[in-house]
Amino acid sequence: MKEKKEFTQCSVPGAIIMVVFMVVAVMVGVSILKIDLIIAMLASIFVAIIILMLQGAKWQLFEDSIAEAGRIATSPSLILLVVGCLIATWMACGTIPSIISWGLHIINPKFFLVTAFLMCAVVSTMIGSSISTVATIGIALVGMGEVMGINVAMIGGAIVSGSYFGDKMSPMSDTTNLAPAVSEANIFDHIKSMMYTTVPAAIICIILFTVLGFGSGNGASTSAEIEEMLGLLDQHFNISIICIIPPILILVLNFMKIPALPALMINILVSSIIACTIQGENFMSIMNLLYEGPTTDFGNAAVNRLLQRGGATYMFWVVVVGILSVAFGVILEKAGVFKSFIEKIAFATKTEGRLQCTTILSCILVNVLTGEQYMSIVLPGKMYVEEYKKKQLLPQVLSRALEGGGTVVAPLIPWNQGGLNCTRLMGISTYQYFPFAFLCWLLPVIEIICGFTGKFMWHTGDIYSTKTYETEEE
């Protein structure tokens with residue numbers, strides 16, 4: 001009797017079936033059949049388990065994957081719940097209403113899109129977090145833009161582009177630290193290297209958002225609607241300079257290098273005190289607000305949609321989908337799906353242009369398959385670091401590619417944690433803002449062009465570098 005072969009890794013046909021099923025389940029099931037994303041991800045996990053068990057995988061592999069997914073997802077999930085509470089307290093204390101009110105008075109609708117991009121870029125660079133930027137200033141900008149009659153897809157694109165500019169460039173960002181760590185580069189060499197591709201992309205964004213701005217905000221909104229919004233904000237909130245304390249506190253705590261979770265909790269406490277002091281809230285109303293978010297009826301559907309956001313329950317759906325996406329990705333990783341794909345495209349790393357292109361596309365693939373931004377940096381980084389060493393390229397060339405295909409692509413994928421967060425926080429779907437998130441799809445293209453043209457593909461000795469692969473090997 002023939003002995004059953006022990007499972008080592010998933011076959012390529014099996015890997016393709018799992019990936020195609022997941023993409024179809026999400027794209028067709030969610031977009032056309034209107035099936036919830038949670039069901040689509042559960043179905044994808046179920047199909048992956050069946051295929052892998054038919055190939056001889058033991059149940060222990062799935063138990064280990066679920067445990068690993070839980071470990072990876074716990075911290076981000078907790079932060080997301082706290083971010084939901086933060087949004088609720090910023091609504092209650094008048095921070096977001098005040099920013100909207102001041103913005104409607106100051107910002108010219110024709111320059112709104114480019115202003116939104118630049119504001120989010122500055123804030124995210126200062127605090128090093130795209131999620132916190134979208135969850136705070138981003139929500140306020142959505143409100144302003146809607147009242148001005150600007151296309152919500154364009155608003156979303158400007159906010160996402162600006163927020164991920166800082167997430168990519170800030171030395172305080174987790175991904176900006178992770179990419180050089182994986183590629184063995186110095187963080188400041190890494191940031192300097194990214195400027196050669198990110199700054200041109202940002203300039204293109206400024207031009208495009210300026211051009212789009214002159215064609216926006218002229219039809220859907222009237223001065224009467226703006227006046228109605230301002231009247232409702234003045235009626236329900238005390239618009240005060242005190243309301244700007246929470247965002248300033250976020251910056252201060254960030255510069256003090258306070259970790260994200262305690263910094264957010266301190267901000268919630270301060271925001272709650274302000275809400276009770278100047279907005280007439282009380283202890284019990286704050287407790288309810290933290291759980292279910294604001295429920296005040298403003299007598300205007302558009303204002304209700306904008307200001308009835310936040311609370312822990314507001315983020316439950318994102319947390320569940322995020323956990324399922326990570327679980328699916330970890331199952332694929334432990335089953336050797338990524339290894340199967342990489343082995344088949346090894347020929348594509350022979351030249352520097354192909355290597356750079358393959359690295360970018362691998363980051364995008366991992367982003368799509370795992371729904372996890374960090375894994376899209378770590379896995380391709382580990383896979384290709386030896387190839388970059390063989391070609392004597394500087395470490396920051398690899399780290400820049402990892403961010404170009406990993407960090408900024410995350411918000412373009414509906415089931416990725418980045419896309420989920422942006423969609424939930426702004427109330428604008430990934431499919432809507434995708435075409436206008438210029439920075440996010442320009443950067444991978446620019447990186448690939450650099451690879452094939454040899455531009456900014458530095459070798460050891462071409463420019464000064466704190467670290468080189470030669471010094472690492474010595």
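Scope of this entry: the structure provided in the associated data block.

Reading guide: rules and limits
- Residues numbered from 1 in each chain as written.
- Predicted model: local features only at pLDDT ≥ 70, side-chain atom pairs only at ≥ 80, totals over all residues.
- Heavy atoms only, no water.
- Helix = DSSP H or I, 4+ residues; strand = E, 2+ residues; numbered from the N terminus.
- Buried < 20%, exposed > 50% of the residue type's maximum accessible area, 1.4 Å probe, protein only.
- Phe/Tyr/Trp six-rings, centres within 6.5 Å; stacked < 30°, edge-to-face > 60°.
- Lys NZ or Arg CZ within 6 Å of the ring centre and 35° of its normal.
- Contact = heavy atoms within 4.5 Å.
- Expected span 1.5 Å × (residues − 1).
- Polar contact = N/O pair within 3.5 Å; in protein donor to acceptor, adjacent residues only side chain to side chain.
- Salt bridge = Lys/Arg side-chain N within 4 Å of Asp/Glu carboxyl O.

A word on unusual backbone geometry. Even without glycine at this site, E184 takes up a positive phi of about 65 degrees. Counting through the fold element by element, E184 comes out in the loop between α8 (174–183) and α9 (187–213). We note that Q392 has phi near 55 degrees; this positive angle belongs to a residue other than glycine. For Q392, a relative accessible area of 44% corresponds to the partly exposed category.

To continue, consider the packing of aromatic side chains. Inspection of the entire model under this criterion finds eleven aromatic pairs. With a centroid separation of 5.1 Å and 70 degrees between ring planes, the pair formed by Y196 and W458 is classed as edge-to-face. Remark: W458 occurs in the loop between α22 (438–453) and α23 (469–473) and Y196 occurs in helix α9; sequence separation between them is 262 residues. A relative accessible area of 35% means that Y196 is categorised as partly exposed. One residue, R424, lies across the ring of Y314, its end atom 4.3 Å from the ring centre. Looking at K455, its charged tip hangs above the ring of F456, at a distance of 5.9 Å from the centre.

Our next topic: the side chain of T133. If you trace the backbone, T133 turns up in helix α6 (residues 130–147). Sequence-distant contacts of T133, defined by excluding residues within four places in its chain, comprise C120, V123, S124, I127, G138 and S163.

Attention now moves to helix α2 (residues 37–54). Here α2 is 18 residues long and its end C-alpha atoms lie 26 Å apart, about the 26 Å a rise of 1.5 Å per residue gives. L37, I38, A40, M41, S44, I45, V47, A48, I49, I51 and L52 are the residues of α2 that are buried. Against α1 (12–31), α3 (59–92), α15 (316–334) and α20 (417–426) lie the buried residues of α2. Measuring from the backbone nitrogen of I38 back to the side-chain oxygen at the start of α2 gives 2.9 Å, which picks out D36 as the cap. Backbone geometry just downstream of α2 places G56 in the positive-phi region, at approximately 105 degrees.

Take the pattern of salt bridges next. Overall, the coordinates contain six salt bridges when judged by the stated rule. Of the charged contacts, one joins E386 and K389 as a salt bridge, the two residues approaching to 3.7 Å between their closest N and O atoms. Pair noted here: E386 and K389 are both in helix α18 (residues 373–390), with a separation of three residues, about one helical turn. Measuring nitrogen to oxygen at the nearest pair gives 3.0 Å for the salt bridge that ties E447 to R400. Separated by 47 residues along the polypeptide, E447 in helix α22 and R400 in helix α19 (residues 395–407) bring together distant segments of the chain.

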